[in-house]
Amino acid sequence: MNLCNSRFSVTFVRQCSTILTSRASIIRENKCSSLNGLSFWITSSSTSAQHTFQRTMSSAGQRGSRDSYGSPGAGAGQSGTAASGTPFQHPHCDRAAMYDQPVRKMRTKGGSYDYDLIVIGGGSAGLACAKEAVLNGARVACLDYVKPTPTLGTKWGVGGTCVNVGCIPKKLMHQASLLGEAVHEAAAYGWNVDDKIKPDWNKLVQSVQNHIKSVNWVTRVDLRDKKVEYINGLGSFVDSHTLVAKLKSGERTITAQTFVIAVGGRPRYPDIPGAVEYGITSDDLFSLDREPGKTLVVGAGYIGLECAGFLKGLGYEPTVMVRSIVLRGFDQQMAELVASSMEERGIPFLRKSVPLSVEKQDDGKLLVKYKNTETGEEAEDLFDTVLWAIGRKGLVDDLNLPNAGVSVQKDKIPVDSQEATNVANIYAVGDIIYGKPELTPVAVLAGRLLARRLYGGATQRMDYNDVATTVFTPLEYACVGLSEEDAVKQYGADEVEVFHGYYKPTEFFIPQKSVRYCYLKAVAERHGDQRVYGLHYIGPVAGEVIQGFAAALKSGLTINTLINTVGIHPTTAEEFTRLSITKRSGLDPTPASCCS
């Protein structure tokens, strides 16, 4: 009702303003009759507008919700099938399949339970779901608890991994390293730069932590304003409708009609001597109270490469230990280009190697013994810091899920297309669900859509296909859609065409930065319309470049459309519109000029 009143008020004021302006001359000539007419018009218009708005809200079932095809969301009385007509169907994205089952609704908003909804987890997915549920009339509580890290005892506030120890601090430190690089490049552009410029790790950490704490505070205030009860406690199930929250002051038993599990995950530690005692993870790095110095980064996923990248940019000495491949799950040609660009910057990679033990020396250094898995040869080296980046583990252990009957698969929770678990009233969203992209924007949208289906009468389900992402290495890598390997596996090598090219960013010319690894490609259908299956880009501001192309790809982008789009010059994004050479042709994809 508050939402209705607020929207109605805005519309009402605008209408009154228009009438007062347009009828000003009439009012001056005949005040009484005009004011009486205006009074009658306001009364009748307000009643009519409010009735119209309420009918619109009732039929839409949510705040401006639209289904996957752009049609208004179905009301509570409608089925979960797709709207009439034939929507665009991407070849590897069967959106219609998301509507093959009726939407499960738990619209209680009452009864004998303490809450309509309890969200377990105060990260991106949980907060988005909780706030959206309240806006749709549900009584909601959100449980959040952070266990201290085993090595340094690091803890943080509400907001989850992204805000506290993930995307946000990572991007800030990445930016700090880029600024350091830019300062040195500025000399080539005519700036008088002091060669003694160097970063202050403690000041950087303090600045990053100050920003994080401000976000924590704003998040708490937002929950209070939206009437979400925040409970700082560790929750575990008693049964499918009952939860025990372990608080500082004791235990509290609470009940709910519906639960959403959004606890996310935490970094893994290897099972070797000294790993937990002396190693740290990304959970500790962004608040580390000393300079990291010479750092061994164990793991070559995106977290490991990003951390190694900004540490190098800040003047430290990272080494990356790779057990098998770089950037598993990403296009492997692009992954190897990223690794090569990092090696060119002076970051060594220990390939096919695994750690055996970590021992602390008398001087505080860490002796790491490791083995090459191909040759069996063992070696050792001294480091100031050992950073584990070997993957993440879903936080299911403390939930007592067997008490509620919820199934688990490899420390994650399997769900269907509605984010529903095998238990009728329990759902899961975010990084805790099995087999879906572990990305903040995915978690946020999935959480909101779930709440709208449960309490707003909506039908739209999360589309987990063609999700764009960026690896914030020194030379960034962004992609959307299928990798070249996945496209070949799905459609066959004879049915896939790869358009590719190297390019030269204009801003790299004067400081004579390496353009050796500035590369992009479009993986497409070979025949017919040549629909684009995937786009891949390595270069500056990769995330900003690929975001717009992601919308185009989900809308059915073809090679013909791409190459007939006029680019913005001089930008790196325009290079996608200049792709004309295919891998199959064997022609040299290196450009001779930037302007022809």
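Relevant structure appears above.
Note that residues are indexed from 1 along each chain, following the sequence as it is written. In keeping with the predicted nature of the model, local features appear solely for residues at pLDDT of at least 70, side-chain atom pairs appear and are counted solely at 80 or more, and the whole-chain, interface and lining totals rest on all residues. As a convention, hydrogens and water are excluded, and side-chain values are obtained from all of the structure's heavy atoms.

Some details on the overall build of the chain
Then, number 1: Along the chain, the regular secondary structure elements total 16 helices and 22 strands.
Then, number 2: A burial count over the chain gives 48% of its 596 residues as buried. Secondary structure elements follow DSSP: runs of H or I of four or more residues count as helices, runs of E of two or more count as strands, with numbering from the N terminus. The classification of residues rests on relative accessible area computed with a 1.4 Å probe and restricted to protein chains. Under 20% of the type maximum is buried, over 50% is exposed, and intermediate values are partly exposed.

Considering the packing of aromatic side chains
Then, number 1: Between 30 and 60 degrees the pair is tilted, below 30 it is stacked and above 60 it is edge-to-face, where a pair is any two Phe, Tyr or Trp rings, Trp via its six-membered ring, whose centres lie within 6.5 Å. Applying the stated criterion to the full structure yields nine aromatic pairs.
Then, number 2: Note on W201 and Y316: the rings are 5.9 Å apart at their centroids and 85 degrees apart in plane angle, and the pair reads as edge-to-face. In this pair, W201 is assigned in helix α7 (residues 201–225) and Y316 in the loop between α10 (302–313) and β10 (317–321), connecting sequence segments 115 residues apart.
Then, number 3: For Y316, a relative accessible area of 9% corresponds to the buried category.
Then, number 4: Arranged with centres 6.0 Å apart and planes meeting at 40 degrees, the rings of F286 and F310 form a pair that is tilted.

Looking at the side chain of N372
Then, number 1: Counting through the fold element by element, N372 comes out in strand β13 (residues 366–372).
Then, number 2: On the basis of relative accessibility, which here comes to 19%, the residue N372 falls in the buried class.
Then, number 3: Think of a polar contact as two N or O atoms within 3.5 Å of one another; within protein, one of them needs to be a possible hydrogen donor and the other a possible acceptor, and neighboring residues in sequence only count if both atoms come from side chains. Within the local environment of N372, its side chain forms a polar contact with the backbone nitrogen of T375, the two atoms lying 2.9 Å apart.
Then, number 4: Filtering out sequence-adjacent residues up to four positions away, N372 remains in contact with R351, K352, S353 and E377. Pairs of residues are marked as contacts when any of their non-hydrogen atoms sit within 4.5 Å.

Brief notes about the packing of helix α6 (residues 167–186) against α7
Then, number 1: All axes here are fitted lines through C-alpha atoms, helices being fitted over the stretch that makes contact, and every angle between N-to-C directions spans 0 to 180 degrees. Two elements in contact, α6 and α7, have axes whose closest approach is 10 Å; the angle formed by their N-to-C orientations is 140 degrees. Here α6 runs over α7; the crossing is right-handed. Contact residues: α6 offers I168, P169, L172, M173 and A176, while α7 offers W201, L204, V205, V208, H211 and I212. Each crossing gets its hand from how the near helix is turned against the far one by less than a right angle, where anticlockwise is left-handed and clockwise is right-handed.

Things to note about the side chain of H241
Then, number 1: Here H241 lies in the loop between β4 (234–239) and β5 (242–247).
Then, number 2: Within the structure, H241 has its side chain in polar contact with the side chain of N425 (distance 3.3 Å).
Then, number 3: When sequence neighbours within four positions are dropped, the list of residues in contact with H241 reads Y113, I254, T255, A256, Q257, F259 and N425.

Focus: the sheet that holds strand β9 (residues 294–298)
Then, number 1: Criterion used throughout: strands pair if DSSP finds at least two bridges between them. Strand order across the open sheet formed by five strands is β8-β15-β9-β10-β11, with parallel pairing between neighbours. Strands at the two margins of the open sheet, each flanked by one partner only, are β8 (280–281) and β11 (349–350).
Then, number 2: The pairing of β8 with strand β15 (residues 385–388) spans two bridges and is parallel. Following the sheet pairing, I280 is matched in β15 by L387.

Overview of the pattern of salt bridges
Then, number 1: By convention in these notes, a salt bridge is any Lys or Arg side-chain nitrogen within 4 Å of a carboxyl oxygen on Asp or Glu. Considering all chains together, one arrives at 26 salt bridges under this definition.
Then, number 2: A salt bridge links D222 to K131; the nearest nitrogen and oxygen atoms lie 2.9 Å apart. On the criterion of sequence distance, the pair formed by D222 in helix α7 and K131 in helix α4 (residues 124–135) is long-range, its members being 91 residues apart.
Then, number 3: Judged by relative accessible area, K131 falls into the partly exposed class, the value being 22%.
Then, number 4: Note that K170 is salt-bridged to E306, the shortest N-O span being 2.9 Å. On the criterion of sequence distance, the pair formed by K170 in helix α6 and E306 in helix α10 is long-range, its members being 136 residues apart. Like E306, K170 is buried.
Then, number 5: One continuous salt-bridge network, built from bridges that share partners, spans E181, E185, R345 and K513.

Concerning unusual backbone geometry
Then, number 1: Backbone torsion omega between H569 and P570 reads -5 degrees, so that peptide bond is classified as cis.
Then, number 2: Tracing the backbone through its elements, the reader meets P570 in the segment after α16 (559–563).
Then, number 3: Despite not being glycine, Q530 shows a phi value in the positive range, around 55 degrees.
Then, number 4: Among the secondary structure elements, Q530 is positioned in the loop between β21 (519–525) and β22 (532–539).

Focus on the sheet that holds strand β20 (residues 496–502)
Then, number 1: Across the sheet, five strands lie side by side as β18-β19-β22-β21-β20; this open sheet has antiparallel pairing. Of all the strands in the sheet, the pair left with one neighbour each is β18 (469–471) and β20. Along the sheet, successive strands turn relative to each other by an average axial angle of 10 degrees, direction set aside.
Then, number 2: Where β18 lies against strand β19 (residues 476–481), three bridges are found, and the strand directions are antiparallel.

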